[in-house]
Amino acid sequence: MAEVKTREFNRASSLSIQDPQLRRALQKVGTGFDAARRENIVEVTPEVWEQWRERARQIKLHTLDRLDYYLDLLEQRVSQAGGQVHFAKDAAEAKAIVSAIVQRNQVRMAVKSKSMVSEELGLNRVLESLGVEVYETDLGEYIIQLAGETPSHLVAPALHKTKEQVSQLFAQKLGVPPTSDIEAMARVAREVLRQKFLQADLGISGANFLVAETGTLVIITNEGNGRLCTSAPRIHIGITGMEKVIPSLQDLAVFLRLLPRSATGQRLTSYVSMVSGPRRSEDEDGPEQFHLVLVDNGRSRLLKDPDLREALCCIRCGACLNICPVYQKVGGHAYGWVYPGPIGAVVTPALTGLKDAKDLPRASSLCGACREACPVKINLPRMLLHLRQQLVESRDPQQRAEDGGEKLLAQGYAAMMGRPDLLGLARGIGRVLQAPWEKQGKLEKVPAPPLSLWTRSRDLPSLAPRTFHDIWEKELSRAPEVQR
Amino acid sequence: MPLRYSAEMADAGFPGTPKAQFLGAVRQALGRVSDAAQIPYGSAVGDPVELERQAAEARQRIASRQRELLEQFAATAALRSWKVFRAPALEDALGYVTSLAVALSASKVVRSNQEVFAELAVDAALQHRGVQVIPVAQSAGRDRAQLREEMASTAMGITGADYAVAETGSVVVLPRRGLSRLVSVVPPVHVALVRPQEVVASLDDVFLLRRLEYYRRGGDMGSYLNFITGPSRTADIEQTLVVGVHGPKEVHLVLLG
Ligand code: SF4
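Remember, predicted model here, so these are calculated numbers, not experimental data. (Residues numbered from 1 in each chain as written. Chains lettered and ligands numbered in written order. Predicted model: local features only at pLDDT ≥ 70, side-chain atom pairs only at ≥ 80, totals over all residues. Heavy atoms only, no water.)

Here we come to the sheet that holds strand β8 (residues 245-246) of chain A. Strand pairing in a sheet relies on backbone hydrogen bonds, with the paired strands running either antiparallel or parallel. Spatially, β8(A)-β5(A)-β6(A)-β9(A)-β9(B)-β6(B)-β5(B)-β8(B) is the arrangement adopted by the eight strands of the open sheet, whose pairing is mixed. With one partner strand each, in any of the chains shown, β8 of chain A together with β8 (199-200) of chain B form the two edges of the open sheet. Here strand β5 (residues 163-165) of chain B runs beside strand β6 (residues 170-173) of chain B; their pairing, made up of three bridges, is antiparallel. Each residue of the ladder has a partner; that of Tyr-163 of chain B, found in β6 of chain B, is Val-172 of chain B. (Pairing = 2+ DSSP bridges. Helix = DSSP H or I, 4+ residues; strand = E, 2+ residues; numbered from the N terminus.)

Time to look at the side chain of Lys-60 of chain A. Residue and element names in this part refer to chain A. As for its placement among the helices and strands, Lys-60 is situated in helix α5 (residues 46-65). In this structure, Lys-60 is buried with no salt-bridge partner, the nearest side chain bearing the opposite charge being Glu-243 at 6.9 Å. Once you skip the residues sitting within four places of it in the chain, Lys-60 turns out to touch Glu-243, Lys-244, Val-245, Ile-246, Phe-255, Cys-313 and Ile-315. (Buried < 20%, exposed > 50% of the residue type's maximum accessible area, 1.4 Å probe, protein only. Lys, Arg positive; Asp, Glu negative; His and termini not counted. Salt bridge = Lys/Arg side-chain N within 4 Å of Asp/Glu carboxyl O. Contact = heavy atoms within 4.5 Å.)

What follows covers helix α11 (residues 163-174) of chain A. In an α-helix, one turn spans 3.6 residues; hence positions three or four apart end up facing the same way. Residues and elements named next belong to chain A. Under the 1.5 Å per step criterion, the end-to-end length of α11 is 16 Å for 12 residues, consistent within 8% with the ideal 16 Å. Along α11, the residues that are buried comprise Val-166, Ser-167, Leu-169 and Phe-170. All buried residues of α11 lie within an arc of 160° about the axis, which places them on one face of the element. Residues Gln-168 and Gln-172 are exposed on α11 and point more than 90 degrees away from its buried face. (Expected span 1.5 Å × (residues − 1). Arc of directions from axis to C-beta.)

Moving on to the site of the ligand. Among the 14 residues in the neighbourhood of the ligand, the closest are listed as Cys-314, Cys-317, Gly-318, Cys-320 and Cys-374 of chain A. Looking at the shell around the ligand residue by residue, the classes come out as 12 nonpolar, one polar and one charged. (Near = heavy atom within 4 Å. Nonpolar A, V, L, I, M, F, W, Y, C, P; charged D, E, K, R; others polar.)

This paragraph deals with the pairing of strand β9 (residues 224-228) of chain B. As a general feature of sheets, a regular strand has side chains that alternate between the two faces. Burial within β9 of chain B is extensive, with five of its five residues counted as buried. The alternating pattern of β9 of chain B places Tyr-224, Asn-226 and Ile-228 of chain B on one face and Leu-225 and Phe-227 of chain B on the opposite face, and all of these are buried. Two strands pair when backbone bridges link them, and strand β9 (residues 271-275) of chain A and β9 of chain B are joined in this way by five bridges, in the antiparallel orientation. Bridge pairing in β9 of chain B places Val-275 of chain A opposite Tyr-224 of chain B. By the bridge criterion, three bridges tie β6 of chain B to β9 of chain B in an arrangement that is antiparallel. Each bridged residue has a counterpart across the sheet, and for Val-172 of chain B the counterpart in β9 of chain B is Phe-227 of chain B.

The next thing to look at is the interface of chain B and chain A. Counting residues at the interface gives 94 residues for chain B and 117 residues for chain A. Both faces considered, chain B and chain A share a buried interface measuring about 8,900 Å² in area, 54% of it formed by carbon and sulfur atoms. Across the contact surface, chain B and chain A share 46 residue pairs in polar contact (both at pLDDT 80 or more). At the level of elements, α2 (19-29), α3 (48-64), α4 (66-79), α8 (144-152), α9 (203-216), β9 and β10 (233-234) of chain B are the ones that each hand at least two residues to the side of chain B that touches chain A. Considering every element that reaches the side of chain B that touches chain A, the biggest residue donor is α9 of chain B, with eight residues. Considered class by class, the residues forming the side of chain B that touches chain A number 48 nonpolar, 26 polar and 20 charged. (Buried area = accessible area lost by both parts, 1.4 Å probe. Polar contact = N/O pair within 3.5 Å; in protein donor to acceptor, adjacent residues only side chain to side chain.)

Next up, the structure:
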């Protein structure tokens, strides 16, 4: 599995915030994709948008409730189309399956279109260890492959890079002259990868959706790399999470309406490729073998938990990332694994274990923007709260967060608030103690904990000279308009 | 017919969890004991009779609005960055395609074989202007690699369309003899010819009709169903739109009738 660095969220996020390049790259998150998404909602009207969301959500929930049935149907229909379905309970199995296909067919070169599950598994390293030359072909993925990095966004994996950084990278790795022209950079990728598409013996893709009834894998791309990966090489492996299945072809339309609009604000992406099995004998092109690898890898843990199941409705559009005030500041890498942002904060603890991802559910202000943006109406804030509750109440001490005296503090606070005399006394002491750091009603940079934990990154309002109670008693309640 | 796995391949046994066990684990996670088939909502396994009825209705609706849908398709396609050319007469279409090839100084173009080309003698017109036309259909005897190399060096790919979707401005292409998906994605310029009878209103229409077709053909979808909606593009660097990455930079839509 891809390396899990979720324990380091706090450190990584403060580093991210201090990185000027990253801040520049992240600046457009809210204004680019998200603004386009909003325009689309206005265009189709909020009422219609709401109907689509509700329908998509119902389809997903229905399918998840009967996931065994639909996976069974999917397997039958893919086989009927001449393809082969493999089931992998974890990352190790998925990698073993792909390795077996690679070795049996003496694969030398593979081209890949974007797949988050492949990132989740760390598939490229396995392929390379088998001596396969691997090329990511989505421009963003290609950039991060060259840089030896991981994706920082579900839809735009190289979102964290500025064009200057990409230009430098291309110059360094590909020996092309540096340029500030983004079009020229895209052209470089086109030229380098063009030959690879035609030479590769294996194409690997993810799946945006799997249609059970017809055994169809659906991928949507804008660049055209998905189509090339799935039609040019002699073998196609689709590798994806088991939750991607939907019942029938007629259920697909609503998702094709929602996904591109939510992801990049497009009415439809340039390419939608729907693959049902390998080439038929009368076809002029297409792969001779079609393999579909369905991966569990912790998803059944989400399925099992009624509070978290709906996270499997996610269609990976990235809208919740784009709108999230935390993601907008820290970027994707701080989240420490493959899935960033609000959905990552929910899914990652389930897939990698809550004990290593304790900070993720807390990396949210619970403002609710993600839920509103989500095209399948996933209640992300509720799930984050649920995970926080587990962090506090779990019987497994490994899963419990160190509460840093929070409980004691809360008890003390409760006791104090119930006793006006105590409260008054505490206020008096507080006013004296805060004096050295008080500046215009605020406390800045208190040197000692616990207050320093707060003031190291923001100011704290100081205790005011007079309480509201006092002001009310002496002035407000006597004011003429109150008496009237 | 689907190409079947050779017996050895099927028997070879791959690593991974056997299906029954995998589904068992899913069922357990769902907290169900029985593996009794669940009642699928709205029937995931379509009823061909009902689908026939719906499809007949849809066809009628589409036919009665053909002109209007054609206009809508042209407008949406233009929004999706197709260069739309309306060709009232066949000569206009031929003229447009040949002048495109000439403007590109194309010596070779590649063409898929669809019905529209029976009406429209594109090959002759192009050859007349000194442009060589490579039909995919003749590739059967040829080495696949060779056809691809050839395709990679052509300036333009010409295709027809199975459906043109007014809702999205998409052209839909289905597999058939003499048609390669690469024609619309490998050359830097793609030209799609669309006849009025190919226009449908929405994605729902396409999926309804294909679903029906799946059952009519005894449970075969064909190996692919592809939507093309404008040129290849990316916004992967600084969310800045760039047109023409792996697919064509320029896409033309010739609307007949
Ligand atoms: S949780 Fe919702 S908004 Fe976030 S990526 Fe998934 S589908 Fe999109």
